[in-house]
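Chain by chain, the residues:
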Amino acid sequence: MSTLTKVSSNGNHKFTLTVVRNSSDVAANTSNITATFKISPQTTNAYGWNYTSGNPVTYTIKLDGKSYTGTILKYTKNSTATIRTITVDVPHNVDGSKSITYGFDVTSLSGNILPGTASTAAKETLTRINRASTFTANGTWYIGHTNKYMTVTAYDNSFYHKVTYSMGSASG
């Protein structure tokens, strides 16, 4: 799908969120999405840090209306590190369409070795999942009954529908 990148406010670190659609499940009307959040050096001054506790650097990953938070206690100078990987099943709308928003926010304690802040977000439309149409008929049908109807609810207007009936010698 896509990658969001933002350089931190100190200019030395870069954060990247890559969002990939792995698969879709037609029966469940969902897409399986993986989001991978990384930190990497922007310059050769991408200092490292190693805290044993506290919240030196905190992050929030936002994916389809949900938030995933955490802390980065340790970072090795000038390295690329995966901070977090999230895999979720995202439900689509009844017609198979779906748009998702995703992004991240990073904040840190003050100090020249920590990254400062970084924030970005985006919206993307997922590939539509074709949805089967539904068919309903009112009540029990007998020849001679009136005010009977059949309804086809098409969730995908690219489908072609042909309805036939057969009751006794009557058909159409």
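Refer to the structure above for everything that follows.
So, here is what we can say about the structure in this document.

With that settled, the discussion passes to the overall build of the protein chain. Counting secondary structure elements, the protein chain contains zero helices and 14 strands. Counting from the amino terminus, helix and strand elements in the protein chain follow one another as β-β-β-β-β-β-β-β-β-β-β-β-β-β. Sorting the 172 residues of the protein chain into buried and exposed places 31% on the buried side. Of the contacts made within the protein chain by residues no fewer than 6 positions apart, 62% connect residues no fewer than 24 positions apart. Total accessible area on the protein chain stands at roughly 10000 Å², and carbon and sulfur atoms take up 48% of it. Averaging the coordinates of the 15 positive side-chain charges in the protein chain and doing the same for the 7 negative ones gives two points 6 Å apart.

Attention now goes to the environment of Leu73. With respect to the secondary-structure elements, Leu73 resides in the loop between β6 (66-71) and β7 (74-75). Along the chain, Leu73 and Asp156 lie 83 residues apart, while their C-alpha atoms are 49 Å from each other. Not counting residues within four places of it along the chain, the set of residues in contact with Leu73 comprises Trp49, Asn50, Tyr51, Thr52, Ser53, Gly54 and Pro56.

What follows is about the sheet that holds strand β2 (residues 13-25). Read from one edge to the other, the open sheet built from four strands follows the order β1-β2-β3-β8, with strand pairing classed as antiparallel. A strand with exactly one partner marks an edge of an open sheet, and here the two such strands are β1 (2-7) and β8 (81-91). Each adjacent strand pair in this sheet contributes to an overall mean axis angle of 15°, direction not counted. As paired strands, strand β3 (residues 30-41) and β8 are joined by ten bridges and run antiparallel to one another.

Further remarks concern the environment of Ser8. Assignment of secondary structure puts Ser8 in the loop between β1 and β2. Considered as a pair, Ser8 and Thr117 are 109 residues apart in the sequence and their alpha carbons are 5.4 Å apart. What Ser8 contacts, discounting residues up to four positions off in sequence, is His13, Phe15, Pro115, Thr117 and Ala118. Polar side-chain contacts of Ser8 include one of 2.9 Å to the side chain of Asn10.

Right, let's talk about the packing of aromatic side chains for a bit. Within this structure, the stated rule accounts for five aromatic pairs. Their ring planes at 45° and their centres at 5.5 Å tell us that Phe37 and Tyr59 sit as a pair that is tilted. A residue pair is termed long-range when its members are at least 10 positions apart, and Phe37 in strand β3 and Tyr59 in strand β5 (residues 57-63) qualify at 22 residues. Take Tyr59: its relative accessible area is 6%, and that puts it in the buried class. Ring geometry for Trp49 against Tyr75: centres 5.2 Å apart, planes inclined by 40°, an arrangement best described as tilted.

One open sheet accounts for four strands, arranged β6-β5-β9-β10; its pairing is antiparallel. Whereas interior strands pair on both sides, the edge strands pair on one side only; in this sheet they are β6 and β10 (118-125). For this sheet, the mean angle separating the axes of adjacent strands, direction not counted, is 10°. Where β5 lies against β6, six bridges are found, and the strand directions are antiparallel.

Thresholds applied
- Residues numbered from 1 in each chain as written.
- Predicted model: local features only at pLDDT ≥ 70, side-chain atom pairs only at ≥ 80, totals over all residues.
- Heavy atoms only, no water.
- Helix = DSSP H or I, 4+ residues; strand = E, 2+ residues; numbered from the N terminus.
- Buried < 20%, exposed > 50% of the residue type's maximum accessible area, 1.4 Å probe, protein only.
- Contact = heavy atoms within 4.5 Å.
- Areas by Shrake-Rupley, 256 points an atom, 1.4 Å probe, with all protein chains shown as cover.
- Lys, Arg positive; Asp, Glu negative; His and termini not counted.
- Charge placed at Lys NZ, Arg CZ, Asp CG, Glu CD.
- Pairing = 2+ DSSP bridges.
- Axes fitted to C-alpha atoms, helices over the stretch in contact; angles between N-to-C directions.
- Polar contact = N/O pair within 3.5 Å; in protein donor to acceptor, adjacent residues only side chain to side chain.
- Phe/Tyr/Trp six-rings, centres within 6.5 Å; stacked < 30°, edge-to-face > 60°.

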